[in-house]
Amino acid sequence: MIDLKENTSPIREQRANGINAYFGKASELVKDSRDGNLVHRERAFQQNSGCILNFYLTVRVATIRDAVMIMHAPVGCSSPALLYREVYRRIPAGLGRPEKFDFHWLTTNFNEKDVVFGAVDKLKFAIQEAENRYHPKAIIVLTSCTSGIIGEDIEGVVNDIQPEINATIVPVHCEGVRSRIVQTGYDAFWHAILKYLVKKPQKKQKDLVNVASMLSYTWQDRMEITRLLGKLGLRANFIPEFASVEQFEMLSEAAVTAPLCPTYTEYLSKGLEQEYGVPYFLNPSPVGIKNTSEWLRKIAYYTGKESLVEKVIAAEENEWAPKMEAIRNEFQNIKPNGEPFTVLGSLGQGRLLTQTPYFHELGLSMPVTICQDFDDLVVDDVEKLVEEVGDFEIVVNTFQAAEVSHTARKHDPDMVLSCPFMGSAYKREKGQTRIHALRGDGRKWSTQAGYTGAVACGSFLLQSTKNKAFQKTMLEKTQDPYHDWWFEQPNTDYYLGKKE
Amino acid sequence: MAENNKIELYPEVVEAPRFTCALGGAYASALATYGTVPILHSGAGCGMANAHGMTFASGLNTGGAQGTTSTPCSCLIEEHVIFGGEGKLRKLIKSTIELMKGDLFAVISGCVPSLIGDDVDSVIKEFSDQVPIIHINGAGFVGSSYHGYELFLEAVIDQLLTDLPKEKKLVNIFGIVPNQHVFWKGDLEVIKSLLESIGVQVNTIFTDFSGFAALKKIPAAELNLVFSSWVGIKSAQKLKERFNTPYEVISSVPFGPKETSNFLQLVAEKLKIPKRVISKVVEAEEKRAYRFAEYMSELFVVSVPHAFYAVVADSSTAISMIKYGTNELGWNPQVVILTDNPPEEYRAAIVKQLTENLESAYSPKVIFEIDSHRIRLILRENTFQVLLSSSLEKYIAGGELDAIHLGVSFPIYDRAILDRSYAGYRGGLAFIEDLTATYAGPM
């Protein structure tokens, strides 16, 4: 039950027993979760991993087209948003990117006086300034550790000033110190969107499908999803990135909310169903041939396109499945004795559920995986996953670079698929490449979603096996930041403390 | 007018200022000191924010082997806000020393420990007999990344340095803030080799492979050079008081032959290097630089001759660009917008550097402005053919402003800057290569 009377969502630790440290088999993780044995364990060695504000909330919110983001924080918290004028611009307008758009954000740029005397007047001023300068439809206020610790009354400001402001003010409680689990930031954001921005439906739009798109899904992924939904006579409502405020307002009018990442979307999906009766599903996401078909089937179920969808799926699978088969065959022949090609994926919970079946589809084996965090929301799905692809080792950590490097050396898979900003784990003798591209990438090469994405990504992964010079050279020629003993001992969880 | 009055009420409420926080500046400085392991005592997102908004924003760089997600961090949350973060920090320092290779460990405290009153210095004392370790109190609200750089130097001076005998003709380089000065790596290497060519030993600190040794050597210098009209002067003053080292403010990194020759002559004067040594170097280098400049003359005269130009940059980069563009390329400076928010007392000297001794009949308007939206409005009111700025103006330049654009100042998201430099005799040529790459084609 989502309580929109509250100022924000509960943290993931509370609402879903979220943890960010676990080392073991996926089956054990499921069991521990079911038995209530999952508890937070503190690391004696920890690396910077992102907070609920700057695990990309900043760079997402800054791309909402007719909104202004206000960071109520010291100046450093908003620095990732310096990319705001360039992100999405490299995508040619010919690919459906609007010609004209502008993003704006302000920082209240705390100084020493502010932390002593408070900065609510400064926030009010910033809101007025945003309204006067840019005439936005929404003003989204992001909070910070500092605004939280000094006890800023954000709701007081909003209630005070909203009557004089045309834009809808949307305060998001993403104080970094609130939670260890970065996904709390998503929940806090969706809570604010549901509470302040989504409007009561004027009319139901039977052909509208809400799709919460991720930073790690590219423009080509949007185009592929748009193409597939188009074949069903449906339209995608992509939020939050690069969306207009109107797209948020009309979330309540959609026929269904469909996932690209189940745990990213979950809070929004549940909220839209609870408040406005918009149905949703959380699995699967449209990654790989099989799951893309399944994804389309589920959408068709909610939009009355059941007979049409089978025709679309048949035609698409007919076209793309043979290409996947060719890639699969090539992967099978990489190792001389017919052993499966092994990969280590660095994944979020969502990609754990979407990428793993895809690897399976390609005939790749995933003996071990790294997952950013884990919570109750995906227990059933992970259990199903284990049934489908077999058991595997799982390292739950949020960007812990030393543990990632250790895992890569210890298990020594044929291919390490790393997130951007993953430390030095890319330096190795064997294969390495990126797990995903990013939203500003408009190239077909980088597609991952849908049928074309399954084939493009498979080709990409094959391509990555053909030359190891970069990672080998960097391994040989640069110094590792960790002492040798770290790699000589077997325990990736060496610094994990006892259960608290 | 009403709006202007309001602005004065809270001048720091701005769109996209071109710097990050004090923690960011100290973090950048620690990462730039090769072999140093920064330890962030902060929320878990401070390092990530600065990875995206500082290192990656300065020519798409990572922070090196100890940067980005490799940086140890105490990742403070609510329970630490209530019970304190000292215990967590103690464990983190202990494990970091065990696990990570480093000559120096630099604990950088952010907003959270400052607000909750952690006694970080006491925690650090427990380790000071095991490894070299310093503490920088870099709460984000105490100032910008420029201030963070000075806090790092202050911590080094106070906690690390001891008296050393002076070494003849040894100089330290200050004022070039890693990442904020997007060409910091290349420029430091160029300055070093320029000075070495006239027999001066250079402690660049940041590009040196033994960063810790370079820091400790600071008191041995005969002279400190500050390549900024304001950043690093405080540190130089402190070093003068403590080690009796004189300092010289150079204002900016010398771009192109003329400024480079002026710079070498100035240093020679200070260090009493014979004129003939300098003349020999200057003559040979200038001959080469201008010979190669001849190869670009057709392209230059057809594409960007006597252009009106605008510069949006930190004051040091702006001075470099104004002197080179105006006094070598024959451009006409239209407007200079300074984005580094220099303290009031330094502003007159910066304006002077930007407006005096220029070859052009025009003297540029000089405006101090940190608000990216206001900067855009100012640019719209001016006419120019070349815009040298951050990449924030990349997509505005062509459409709104009808100008050729090259990114030369923070942030730079539109190209990788690894060891690029426009400093020194060859710098002008590199600049022309980069500028014309954005525009040139067959005639």
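Residues numbered from 1 in each chain as written. Chains lettered and ligands numbered in written order. Predicted model: local features only at pLDDT ≥ 70, side-chain atom pairs only at ≥ 80, totals over all residues.

1. Regarding the overall build of chain B
Rules: In this text, helices come from DSSP runs of H or I with a minimum length of four residues, and strands from runs of E with a minimum of two, each type numbered from the N-terminal end. With C-alpha atoms as the basis for the radius of gyration, the globule rule is written as 2.2 Å multiplied by the number of residues raised to the power 0.38. To sort residues by burial, count the other C-beta atoms lying within 10 Å of each one's C-beta; a count of 20 or more means buried, 12 or fewer means exposed, and anything in between means partly exposed. C-beta atoms are built from the backbone. Once C-beta atoms are placed from the backbone, any two residues with those atoms within 7 Å are in contact.
When you go through chain B residue by residue, the secondary structure sums to 19 helices and 13 strands. Here chain B has a C-alpha radius of gyration of 22 Å; the compact-globule value for 443 residues is 22 Å, and the two agree. Going through the 443 residues of chain B one by one, you find that 57% of them count as buried. Long-range contacts, defined as pairs at least 24 residues apart, comprise 74% of the intrachain contacts of chain B with a sequence gap of at least 6.

2. As for the overall build of chain A
Each helix and strand counted, chain A has 19 helices and 13 strands in total. The globule rule puts the C-alpha radius of gyration for 500 residues at 23 Å, and the 23 Å found for chain A is close to it. Along the first, second and third principal axes, the C-alpha atoms of chain A reach 70 × 60 × 45 Å. Taking all 500 residues of chain A together, 58% fall into the buried category. Intrachain contacts of chain A at a sequence separation of at least 6 include 76% that bridge at least 24 residues.

3. Brief notes about the nonpolar core
Operational definition: By convention the nonpolar core is taken to be a set of buried residues drawn from Ala, Val, Leu, Ile, Met, Phe, Trp, Tyr and Cys and joined through C-beta atoms within 7 Å.
Within the largest apolar cluster, 296 residues are counted, with the highest numbers of intra-cluster contacts made by A:Met69, A:Ile70, A:Trp105, A:Ile139, A:Ile140 and A:Val209. Those residues within four positions of A:Met69 in sequence are excluded, and the remaining contacts are A:Val61, A:Ala62, A:Ala81, A:Trp105, A:Ile140 and A:Leu142.

4. Re unusual backbone geometry
Glycine aside, residues mostly have negative phi angles, and peptide bonds mostly take the trans form. The peptide bond linking A:Asn283 to A:Pro284 adopts the cis configuration, its omega dihedral lying at -5°. Relative to the assigned elements, A:Pro284 resides in the loop between α11 (262-276) and α12 (289-303). In this model, A:Tyr88 sits at a positive phi of 75°, which is unusual for a non-glycine residue. Mapped onto the elements, A:Tyr88 comes out in the loop between β2 (67-71) and β3 (104-107). For A:Tyr88, a count of 20 C-beta atoms within 10 Å gives the class buried. Positive phi, close to 45°, is recorded for B:Thr68, a residue that is not glycine. Following the sequence through the fold, B:Thr68 ends up in the loop between α3 (46-55) and α4 (78-83).

5. Some remarks on helix α14 (residues 349-361) of chain A
All names here are of chain A. This is how it is decided: What a helix is expected to span follows from its residue count: subtract one and scale by 1.5 Å. Each residue is assigned a bend, namely the angle between axes fitted to the seven residues that terminate at it and the seven residues that start at it.
An ideal rise of 1.5 Å per residue puts 18 Å on 13 residues; α14 measures up with 19 Å between its terminal C-alpha atoms. At Gln-355, α14 is deflected by roughly 25°, the largest bend along its length, and proline Pro-357 occurs up to four residues later in sequence. Most of α14 is tucked away: twelve of the 13 residues are buried. Restricting attention to buried positions, one finds in α14 the residues Gln-349, Gly-350, Arg-351, Leu-352, Leu-353, Thr-354, Gln-355, Thr-356, Pro-357, Tyr-358, Phe-359 and Glu-361. Looking one or two residues past α14, Gly-363 carries a phi angle of roughly 80°, positive in sign.

6. Comments concerning the interface of chain A and chain B
The line we're drawing: Gly counts as polar in this scheme, as do all residues outside two lists: the nonpolar Ala, Val, Leu, Ile, Met, Phe, Trp, Tyr, Cys and Pro, and the charged Asp, Glu, Lys and Arg. Strand pairing is assigned whenever DSSP identifies at least 2 bridges connecting the two strands.
Taken residue by residue, the interface counts 64 residues in chain A and 65 residues in chain B. Sorting the residues of the side of chain A that touches chain B by element identifies β3, α4 (112-117), α5 (120-134), α6 (145-149) and α16 (401-411) of chain A as the ones contributing at least two each. Split into classes, the residues belonging to the side of chain A that touches chain B amount to 32 nonpolar, 22 polar and ten charged. Here two bridges tie β3(A) to strand β1 (residues 14-15) of chain B, and the two strands are oriented antiparallel to one another.

7. Details of the sheet that holds strand β8 (residues 256-258) of chain A
Residues and elements named next belong to chain A. Short version of the rule: Here the axes come from fitting lines to C-alpha atoms, over the contacting stretch only for helices, and the angles between their N-to-C directions go from 0 to 180 degrees.
Ordered in space as β7-β6-β8, the three strands form an open sheet in which the pairing is parallel. A strand with exactly one partner marks an edge of an open sheet, and here the two such strands are β7 (235-239) and β8. Direction aside, the axes of adjacent strands within the sheet are offset by 30° on average. Across three bridges, strand β6 (residues 208-212) lies against β8 in parallel orientation.

8. Side note on the packing of helix α9 (residues 219-231) of chain A against helix α17 (residues 450-464) of chain A
All names here are of chain A. For clarity, the cut-off: If an angle is under 35 degrees, it is roughly parallel; if it is over 145, roughly antiparallel; if it lies from 65 to 115, roughly perpendicular; otherwise it is oblique.
Between α9 and α17, the least distance of the axes is 7 Å, while the angle of their chain directions is 140°. By the criterion of interaxial angle, the relationship of α9 to α17 is oblique. On the side of α9, the interface is formed by Asp-221, Glu-224, Ile-225 and Leu-228, while α17 contributes Gly-450, Thr-452 and Gly-453.

9. What about the confidence of the model for chain B?
Selection criterion: The quantity known as pLDDT measures the predictor's confidence residue by residue, on a range of 0 to 100.
When pLDDT is averaged along chain B, the result is 96; 98% of the residues meet or exceed 70. Across residues 1-7 of chain B, confidence stays below pLDDT 50; counting only partners more than four residues off in sequence or on other chains, it has two contacts.

10. Topic: the sheet that holds strand β11 (residues 393-396) of chain A
Residues and elements named next belong to chain A. Taken in spatial order, the six strands make up an open sheet running β1-β11-β10-β9-β12-β13, and their pairing is mixed. The open sheet has two edge strands with one neighbour each: β1 (22-25) and β13 (431-434). On average, each strand axis in the sheet is tilted by 15° relative to the strand beside it, whichever way the strands run. When strand β9 (residues 342-347) meets strand β10 (residues 365-371), the two strands line up parallel, connected through five bridges. Residue pairing for β10: Leu-344 is matched across the bridge by Val-368. Of the strands in this sheet, β1 and β11 are in contact with helix α2 (residues 26-34), which crosses β1 at around 115°.

11. A short note on the packing of helix α2 (residues 22-32) of chain B against α3(B)
Residue and element names in this part refer to chain B. As a packed pair, α2 and α3 sit with axes 10 Å apart at the nearest point and diverge in direction by 75°. Between α2 and α3, the crossing angle belongs to the class labelled roughly perpendicular. For the pair α2 and α3, contact is made by Leu-23, Gly-24, Tyr-27 and Ala-28 and by Cys-46, Asn-50 and Met-54, respectively. Of the residues in the contact of α2 with α3, the class split is five nonpolar, two polar and no charged.

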